[in-house]
Amino acid sequence: MSKSQIACSINATECTVIRLKTSGSTGYILSTCKTLPSGLGDLAAGKGKRILNKLERHLKEWHNDDLALCIEPETYLPLPAYFPADASNDDCEKYCRIEAGYFLTKPEKFRCDHTVYRDNISSGSHKKHLLLFYPDEHFGTVSEHFSVNHRIVFFGSPQLPLLYLSKLTGERQVIIELENNYVLLTIASNGLIEKFSFHRVKNREEREYFTIKELVDNPVCRETGVQVTGAMADKIMLARIGRETSTVLKTLGMPPTIFISNPHNFSISSASAVRAISTALMALTENEGTISF
């Protein structure tokens, strides 16, 4: 029996809503994919209700479908932590809240995505986890708006959906994000993190330095190739990074091994669309080991 999932992705400059259906045992069909040239900046400027109403109009035909939401925060606060090896998802959520109380000045103003490392470094009966804290700004407004017509089954940052792509493909995945105030590198395989590296940056020079350093320090980047995304990933920046690191760089996109039967009917090349589709794919499958609160 075919299953369907609607999803919405919002980043700094654009947002996308999609509806994805399963097709056979391994394929998918897009029912809709609409990207608007509005994002978090517009929400912060007081245009939120108008933008969210536009998005909802594209989803009104499927008001009974579950909704998965992802919003790209302005920054992350990553925290490695060790939890008991036998901890359940509920236990992990409790531990995340405890860690937030120690780690953050105002934990009630933050959300947290949580996942585990693939090469789990054990400390006795404990395993290594990654906690990603990020500001809760805008999340409440967006969830309140959409929850009127939809049951929200996932609500978090894009990191878990992008991580999930490596589980579907069965291949190692390297993504580097070049944003205005940070550089983020993720190496993943089988849906689990191999390496997560985050650097705050203040200018273009720092952005170039940390990007080149991460790519040089991790030889797998030259073996696998790197997908690049982010508001600051311009052609000049990418050309320089490619020369300095001898790394094959390509724009973030849907892996070709994930079969979507009708991609030509929609524009799915934008970062927002890729994240929306990734979020829908993750929501269609129960994703043990990840939580968001």
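Residues numbered from 1 in each chain as written. Predicted model: local features only at pLDDT ≥ 70, side-chain atom pairs only at ≥ 80, totals over all residues. Heavy atoms only, no water.

Colleague: What is the right way to read a positive patch on the surface from this model?
Modeller: A surface patch of like charges, here positive, comprises R50, K54, R57 and K60. On the basis of relative accessible area, K54 is assigned to the partly exposed category, the value being 34%. (Patch = residues over 30% accessible without salt bridge, like charges linked within 9 Å, V, L, I, M, F, W, Y side chains within 5 Å. Areas by Shrake-Rupley, 256 points an atom, 1.4 Å probe, with all protein chains shown as cover. Salt bridge = Lys/Arg side-chain N within 4 Å of Asp/Glu carboxyl O. Lys, Arg positive; Asp, Glu negative; His and termini not counted. Charge placed at Lys NZ, Arg CZ, Asp CG, Glu CD. Buried < 20%, exposed > 50% of the residue type's maximum accessible area, 1.4 Å probe, protein only.)

Colleague: Just checking my understanding: could you explain the sheet that holds strand β3 (residues 27-36) for this structure?
Modeller: Adjacent strands of a sheet form backbone hydrogen bonds with each other and so pair up, either parallel or antiparallel. Taking strand neighbours across the sheet as the criterion, the 5 strands line up as β3-β2-β1-β4-β8 in an open arrangement whose pairing is mixed. On the outer flanks of this sheet lie β3 and β8 (152-156), each paired with one strand and no other. Strand-to-strand, the axes of this sheet are offset by a mean angle of 15°, without reference to chain direction. By the bridge criterion, 9 bridges tie strand β2 (residues 15-23) to β3 in an arrangement that is antiparallel. Within β3, the residue paired with R19 across the bridge is T32. (Pairing = 2+ DSSP bridges. Helix = DSSP H or I, 4+ residues; strand = E, 2+ residues; numbered from the N terminus. Axes fitted to C-alpha atoms, helices over the stretch in contact; angles between N-to-C directions.)

Colleague: What am I meant to see in the pairing of strand β11 (residues 192-200) here?
Modeller: Every regular strand shows the same layout, with side chains that alternate between the two sheet faces. Bridge count between strand β10 (residues 182-189) and β11: 8 bridges; the pairing is antiparallel. The partner of I187 across the bridge, within β11, is K195. Hairpin connection from β10 to β11: 2 residues lie between these consecutive antiparallel strands, with N190 at a positive phi of about 55°.

Colleague: So what exactly am I meant to see when it comes to the environment of M282 here?
Modeller: Inspection of the secondary structure puts M282 in helix α8 (residues 271-283). Separated by 121 residues in the primary sequence, M282 and P161 place their C-alpha atoms 5.9 Å from one another.

Colleague: For this particular structure, what's the right way to read the packing of aromatic side chains?
Modeller: When we look at a pair of aromatic rings, we describe it by the centre distance and by the angle of the planes. Within the structure shown, the criterion is met by 9 aromatic pairs. Centre to centre, the rings of F139 and F155 are 4.9 Å apart; their planes meet at 40°, and the pair counts as tilted. Taken together, the residues span a long stretch of sequence, with F139 in helix α3 (residues 139-146) and F155 in strand β8 at a distance of 16 residues. Each member of the pair, F139 as well as F155, carries the same accessibility label: buried. Positioned above the aromatic ring of Y117 is the side chain of K128, whose terminal nitrogen or guanidinium carbon lies 4.5 Å from the ring centre. (Phe/Tyr/Trp six-rings, centres within 6.5 Å; stacked < 30°, edge-to-face > 60°. Lys NZ or Arg CZ within 6 Å of the ring centre and 35° of its normal.)

Colleague: Help me understand unusual backbone geometry, please; the structure alone is not making it clear to me.
Modeller: For residues other than glycine, phi is negative in most cases, and the peptide bonds are mostly trans. One non-glycine residue, N190, lies in positive phi territory at about 55°. Here N190 lies in the loop between β10 and β11. Backbone geometry at S246 places phi at a positive 55°, although glycine is not the residue there. Here S246 is to be found in the loop between α7 (235-245) and β13 (249-251).

Colleague: Help me out: how do you make sense of the sheet that holds β13 in this one?
Modeller: The strand order β11-β10-β9-β12-β13 describes an open sheet built from 5 strands, whose pairing is mixed. The open sheet is flanked by β11 and β13, the only strands paired with a single partner. Taking each pair of neighbouring strands and ignoring which way they run, the sheet shows an average axis angle of 25°. Alignment of strand β9 (residues 173-178) against β10, held across 6 bridges, turns out to be antiparallel. Within the sheet, the bridge partner assigned to I175 lies in β10 and is T186.

Colleague: Just to check I follow, could you spell out the packing of helix α5 (residues 204-217) against α7 for this structure?
Modeller: Between two packed helices, the angle of one axis relative to the other and the distance separating the axes together describe the packing. Contact geometry of α5 with α7 gives a least axis separation of 10 Å together with a crossing angle of 40°. At the point where α5 passes α7, the crossing takes the right-handed sense. Contacts from R204, R207, E208, T211, I212, L215 and V216 of α5 reach α7 at I236, M237, R240, I241, E244 and T245. Of the residues belonging to the contact of α5 with α7, the class tally is 6 nonpolar, 2 polar and 5 charged. (Left-handed = near helix turned anticlockwise from the far one by under 90°. Contact = heavy atoms within 4.5 Å. Nonpolar A, V, L, I, M, F, W, Y, C, P; charged D, E, K, R; others polar.)

Treat this as a map of the structure, not an account of what it does.
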